[in-house]
Amino acid sequence: MKMDYAKYIEDVTDDIKTCIGDMACQPILFVGSGFTKRYLGGPNWEELLRDLAGRCPEIRQFAYYKQRYPDFVDIGTQFSEKFNDWAWGAGQGQFPQELFDEASSPQIYIKHTVAEIFKDLIASGDHRLAGEIELLKKIRPHSVITTNYDQLLEGFFPEYEAIVGQKILYANHSSIGEIFKIHGCASQPESIVLTRADYDEFVKRKKYLSAKLLAFFAEHPLVFIGYRAEDSNIKAILADIDEILSEDGKLIPNIYILEWDDREMTEEYPRRERLIPVSDHRSVIIKSVVARDFSWVYSAFGAVEALQNVNPRLLRALLARTYQLVRTDIPRNPIQVDYRVLANVTEADGELAKLYGIADGADGLAFNLNFPFSLTALGQAMGYKYWHACDRLMTTIAEATGVDIKSFDNKYHFAIMNGSEVQSHRYSDSCRELLDKVRSGDEYASEVVREAEQKGRR
């Protein structure tokens with residue numbers, strides 16, 4: 001078989017769809033500055049600093065600072081002081097008067113300028129690659145996390161709620177449809193992480209932030225977009241989570257990095273994995289997707305049809321109310337539930353009933369009893385923290401018997417279809433017992449082969 005780029009697209013697409021199907025949930029997007037550069041011509045770190053240098057007469061030529069400060073954060077810190085001096089002198093007319101209140105941070109002048117740069121960029125509306133953008137929107141991500149200051153993502157996902165800076169630590173992370181702006185936002189200039197003091201404060205909070213987001217990373221496909229693999233933001237996040245998600249240096253199967261390559265790769269089969277050093281003695285292996293045109297990648301991550309017409313804002317409100325109900329109302333008050341009313345309400349919009357798993361008992365009850373587990377729930381039932389261990393046990397079965405139990409419906413596994421696409425995978429108690437045999441080293445092969453033969457798969 002010819003291993004060219006067409007084959008690469010086919011293999012990577014299959015891998016992405018399998019990951020989404022097994023995890024039975026939408027991906028989380030982790031977005032960096034390369035994203036804004038691609039779709040709006042936005043600046044990277046150095047380009048932003050050069051722009052700032054040209055706006056403040058107190059700042060020398062950029063080369064002077066680059067010689068003295070190899071870290072852009074330290075250049076930003078020096079620029080912040082220069083902007084402060086300028087604002088309180090000849091540049092006072094360039095800033096709103098409310099910024100000169102004695103309670104204002106001395107860094108507010110450079111941050112106000114940065115915010116204005118990105119507001120002007122958004123106002124230009126000069127979006128590029130419109131076809132890719134439309135496919136990106138169809139992903140319907142569970143949430144988006146970004147280190148970008150601009151509000152481009154809010155324009156692409158208007159039904160999502162932006163949560164900025166410190167507020168992320170207090171957010172309800174069982175929700176959906178949110179944009180987490182971990183380095184601040186142009187809409188709130190004081191929140192922008194730019195100087196050494198800002199980054200030191202961010203690093204102090206990062207462990208808490210990572211702990212908050214860890215469940216996201218474990219339970220969803222995660223896609224880095226707009227970052228280089230060497231980016232310090234990626235390394236910092238992966239350093240905090242690799243001990244949980246990565247076992248013995250093995251590939252983390254649900255984390256992808258989308259890497260841009262401008263070459264014509266028709267005859268090539270690019271890399272599928274990336275080894276990323278996160279410290280002097282630790283590295284993490286994640287999946288790499290190399291592309292010039294991102295359209296096929298976004299299509300692979302695209303939402304199943306049942307999600308296309310669901311309003312994330314409505315769903316977020318419903319989940320927030322459910323959270324309050326479970327945490328607050330139920331412990332205090334007895335609640336009488338009329339399930340006929342519940343069914344009628346959910347069926348009013350049609351798709352919400354599918355999304356919440358509410359179906360007629362005659363059709364759905366037996367199925368739910370026979371195949372009660374998602375892959376994540378199966379892992380938890382077997383005493384694992386996450387789903388990866390169960391997936392590896394199934395790979396062991398396939399290698400030992402030649403039978404991939406996830407590739408057809410059987411007593412261990414059932415695929416829920418959406419037209420011709422697999423929407424999710426469900427697993428039975430028999431599957432849990434089978435995987436327990438594999439884990440314990442008991443004989444299981446004849447049982448699996450017999451089931452495959454009965455289903456005509458041998």
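For the structure, see preceding data.
Just so it is clear, the structure is predicted and the values come from calculations on it, not from any experiment.

**With respect to the overall build of the chain**
When its secondary structure is counted, the chain shows 20 helices and 10 strands. Looking at the chain as a whole, 49% of its 458 residues qualify as buried. Of the contacts formed within the chain by residues at least 6 apart in sequence, a portion of 72% connects residues at least 24 apart. In the structure as shown, the chain presents an accessible area of about 22,800 Å², 50% of it carried by carbon and sulfur atoms.

**Considering the pattern of salt bridges**
Applying the stated criterion across every chain, the model contains 31 salt bridges. When the shortest N-O distance is used, the salt bridge between Asp22 and Lys406 registers 2.9 Å. Highlighted residues: Asp22 in helix H1 (residues 5–23) and Lys406 in the loop between helix H18 (388–401) and strand E9 (413–418), separated in sequence by 384 residues. In this structure, Glu230 engages Arg228 in a salt bridge whose closest nitrogen and oxygen atoms are separated by 3.4 Å. Salt bridges here are not isolated pairs; linked through shared partners, they connect Arg228, Glu230, Glu259, Arg271 and Arg274.

**Section: the sheet that holds strand E1 (residues 28–31)**
Pairing within the open sheet is mixed, and its eight strands lie in the order E3-E4-E2-E1-E5-E6-E8-E7. Two strands in the sheet have a free side with no partner beyond their single neighbour: strand E3 (161–164) and strand E7 (273–277). Taking the axes of each pair of neighbouring strands and ignoring which way they run, one obtains an average angle of 25° across the sheet. Where E1 meets strand E5 (residues 222–225), four bridges bridge the pair, whose relative direction is parallel. Bridging from a neighbouring strand, Phe30 pairs with Phe224 of E5.

**A few points about the side chain of Ser143**
By the element assignment, Ser143 lies in strand E2 (residues 143–146). Judged by relative accessible area, Ser143 falls into the buried class, the value being 0%. Setting aside chain neighbours within four positions, we find Ser143 in contact with Pro27, Ile28, Leu29, Gly177, Glu178, Phe180 and Phe216.

**Topic: unusual backbone geometry**
A positive phi angle, close to 55°, is found at Leu129, a residue other than glycine. Mapping Leu129 onto the fold places it in the loop between helix H6 (108–124) and helix H7 (130–137). Positive phi is not limited to glycine here, since Arg140 has a value of about 50°. Its location among the elements puts Arg140 in the loop between H7 and E2. The exposure class assigned to Arg140 is buried, which follows from its relative accessible area of 18%.

**Regarding H18**
Spanning 14 residues, H18 covers 20 Å between terminal C-alpha atoms, matching the ideal 20 Å at 1.5 Å per step. Along H18, the residues classified as buried are His388, Ala389, Cys390, Asp391, Leu393, Met394, Ile397 and Thr401. Phi turns positive, to about 80°, at Gly402, one or two residues after H18.

**Section: the nonpolar core**
Core analysis: the largest hydrophobic core is formed by 87 residues, its most contacted members being Phe35, Leu52, Phe79, Phe83, Tyr298, Leu378 and Leu435. Looking at this core, the element that brings in the most residues is H6, giving eight residues. Look past the residues within four positions of Leu435 in its chain and what remains in contact with it is Leu378, Met382, Cys390, Leu393, Met394 and Ile397. In this structure, Ile163, Ala218, Ala239 and Val284 belong to the second largest nonpolar core, which totals 31 residues.

Parameters and conventions
Residues numbered from 1 in each chain as written. Predicted model: local features only at pLDDT ≥ 70, side-chain atom pairs only at ≥ 80, totals over all residues. Heavy atoms only, no water. Helix = DSSP H or I, 4+ residues; strand = E, 2+ residues; numbered from the N terminus. Buried < 20%, exposed > 50% of the residue type's maximum accessible area, 1.4 Å probe, protein only. Contact = heavy atoms within 4.5 Å. Areas by Shrake-Rupley, 256 points an atom, 1.4 Å probe, with all protein chains shown as cover. Salt bridge = Lys/Arg side-chain N within 4 Å of Asp/Glu carboxyl O. Pairing = 2+ DSSP bridges. Axes fitted to C-alpha atoms, helices over the stretch in contact; angles between N-to-C directions. Expected span 1.5 Å × (residues − 1). Core = buried A, V, L, I, M, F, W, Y, C linked by side-chain atoms within 4.5 Å.

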